[in-house]
Amino acid sequence: TWHLKKIPQIVSERTFSLESPKFEAKTKLELKSVCGIECQRKLPVPSSSDLKDLLSYETVFENGTRTLTEVNVLGLVLDPAGNTTTRRSSRKKRQIYGTDSRFSIYDKRFMTNFPFNTAVKISTGCSGILISPKHVLTAAHCLHNGKDYVKGSKRLRVGLMKTKSRGDGRKRKGAKRNGMPSFQWTRVKSTHIPKGWFKGVSGDIALDYDYAVLELKRPHKRKYMELGISPTIKMMPRSMIHFSGFDNDRSGQLVYRFCSISDESNDLFYQYCDAEPGSTGSGVYLRLKEPNKKKWKRKIIAVYSGHQWVDVNGEQQDYNVAVRITPLKYAQICFWIHGNDENCTQG
């Protein structure tokens, strides 16, 4: 069951202009040298002042201008337990773990309907998910490498799925109509990235803040996916998560997968869902029951950050990781969507 939680408040304190970015960074769909499972266990609990700094955010507009908004966090109760991790199973190897368990969605009845039609393609090569009539959630590293914005993010576009027939819709005699996904591209009006992504942890990139929200220039009329607060592994049915994206090795296809989570920290899920570059930035969701109702509802509880290599006990280990939507991140993303905290008191 989805459990309602009281959300801390994120309030804007002041906004000021920054120099325009250079937009010269190379897009990296696979990160290296990140704070992984062992590193997460050693991290101190952020103080209230740390969180104010980490949750302040940059906004880049379509004309290339940039601002920094400083925020305050109200009503937050800090967890003294720190960045604990829960070990569920032994590690495995490679991005495709054993038998490839991904499903390509070909049938346009599925492809253009909820929940699959909430998946979008980002023009820098990543995926994302619709979270409002004009907002998309994706991974921060699809837009920024920690030092500068990536090439192509100045004229960022989002591709919403539509179907077309081979031959541009003209049916040849005797030919079958095959639903192949194409994209209706929409310009991005502005991009929000938390300052925590730029700061890093111990000189490494901080995966905890690998998320961003894009505001579209024109609203869409599709059903979108609601945000949810990430429950712990033990509160999920069979620890099962789902996500869909546009993996590079299956060009032009929407790829769906589901798997169980193996480990968790306060801010990250570690799992072995089969995935390839291109699916980075996908919205990870759960299907749980609404409180006091018999209806089931899907909500986004994490952002897929991609395949990571980290140093564990002196050895390189790999896993796939997703950034959890904690109450604080829910408050921030909700604030970005609505422009105020009045609609973000419970989640």
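Residues numbered from 1 in each chain as written. Predicted model: local features only at pLDDT ≥ 70, side-chain atom pairs only at ≥ 80, totals over all residues. Heavy atoms only, no water.

(A) Summary view of the overall build of the protein chain. Tallying secondary structure elements over the protein chain gives five helices and 19 strands in all. A total of 347 residues make up the protein chain; the buried ones form 55% of that total. In the protein chain, once contacts between residues fewer than 6 apart in sequence are set aside, the share between residues at least 24 apart is 74%. Element-wise, carbon and sulfur atoms account for 48% of the exposed surface of the protein chain, whose accessible area totals about 16,500 Å². (Helix = DSSP H or I, 4+ residues; strand = E, 2+ residues; numbered from the N terminus. Buried < 20%, exposed > 50% of the residue type's maximum accessible area, 1.4 Å probe, protein only. Contact = heavy atoms within 4.5 Å. Areas by Shrake-Rupley, 256 points an atom, 1.4 Å probe, with all protein chains shown as cover.)

(B) Local environment of helix α5 (residues 327–338). Taking 1.5 Å of rise per residue, the twelve residues of α5 would be expected to cover 16 Å, and the 16 Å separating its terminal C-alpha atoms lies within 8% of that figure. Within α5, ten of the twelve residues are buried, leaving the element largely enclosed by the surrounding structure. By the burial criterion, the buried members of α5 are Leu328, Lys329, Tyr330, Ala331, Gln332, Ile333, Cys334, Phe335, Trp336 and Ile337. Of the residues trailing α5, Gly339 is marked for its positive phi of about 80°. (Expected span 1.5 Å × (residues − 1).)

(C) Spotlight on the state of the cysteines. Evaluated as defined, the whole model comprises two disulfides. With its sulfur 2.0 Å from that of its partner, Cys334 forms a disulfide with Cys344. Across the S-S bond linking Cys334 and Cys344, the dihedral sits near -85°, which makes this disulfide left-handed. Taken together, the positions of Cys334 in helix α5 and Cys344 in the segment after α5 put the pair ten residues apart, joining distant regions of the chain. According to the relative accessible area criterion, Cys344 is buried, its value standing at 4%. (Disulfide = S-S within 2.5 Å.)

(D) Structural detail: the environment of Asn145. Within the secondary structure, Asn145 is located in the loop between β9 (135–138) and β10 (157–165). Using a relative accessible area of 31% as the deciding quantity, one classes Asn145 as partly exposed. Separated by 114 residues in sequence, Asn145 and Leu31 place their C-alpha atoms 9.1 Å apart. At 2.8 Å, the side chain of Asn145 and the backbone nitrogen of Lys147 are in polar contact. Reaching out from Asn145, the side chain makes a polar contact with the backbone nitrogen of Asp148 at a distance of 2.8 Å. (Polar contact = N/O pair within 3.5 Å; in protein donor to acceptor, adjacent residues only side chain to side chain.)

(E) Layout of the nonpolar core. Ranked by internal contacts, the top residues of the largest apolar core, which has 67 residues, are Leu55, Ile131, Leu137, Val158, Leu227 and Ile333. No other element matches the eight residues that α5 contributes to this core. Contacts of Val158, omitting those with residues within four sequence positions, involve Val120, Lys121, Ile122, Val136, Gln184, Trp185, Thr186, Val188, Leu214 and Leu216. One finds Trp2, Ile241, Phe269 and Val284 within the second-largest nonpolar core, a separate group that totals 16 residues. (Core = buried A, V, L, I, M, F, W, Y, C linked by side-chain atoms within 4.5 Å.)

(F) Spatial organisation of the pairing of strand β12 (residues 212–216). The buried fraction of β12 is high, at five of five residues. On β12, burial covers both faces: Ala212, Leu214 and Leu216 on one face and Val213 and Glu215 on the other are all buried. Across four bridges, β9 lies against β12 in antiparallel orientation. Residue pairing for β12: Thr138 is matched across the bridge by Ala212. (Pairing = 2+ DSSP bridges.)

(G) Structural context of unusual backbone geometry. Phi at Phe23 takes a positive value of approximately 55°, unusual for a residue other than glycine. The residue Phe23 is located in the loop between β1 (9–18) and β2 (31–32) in this model.

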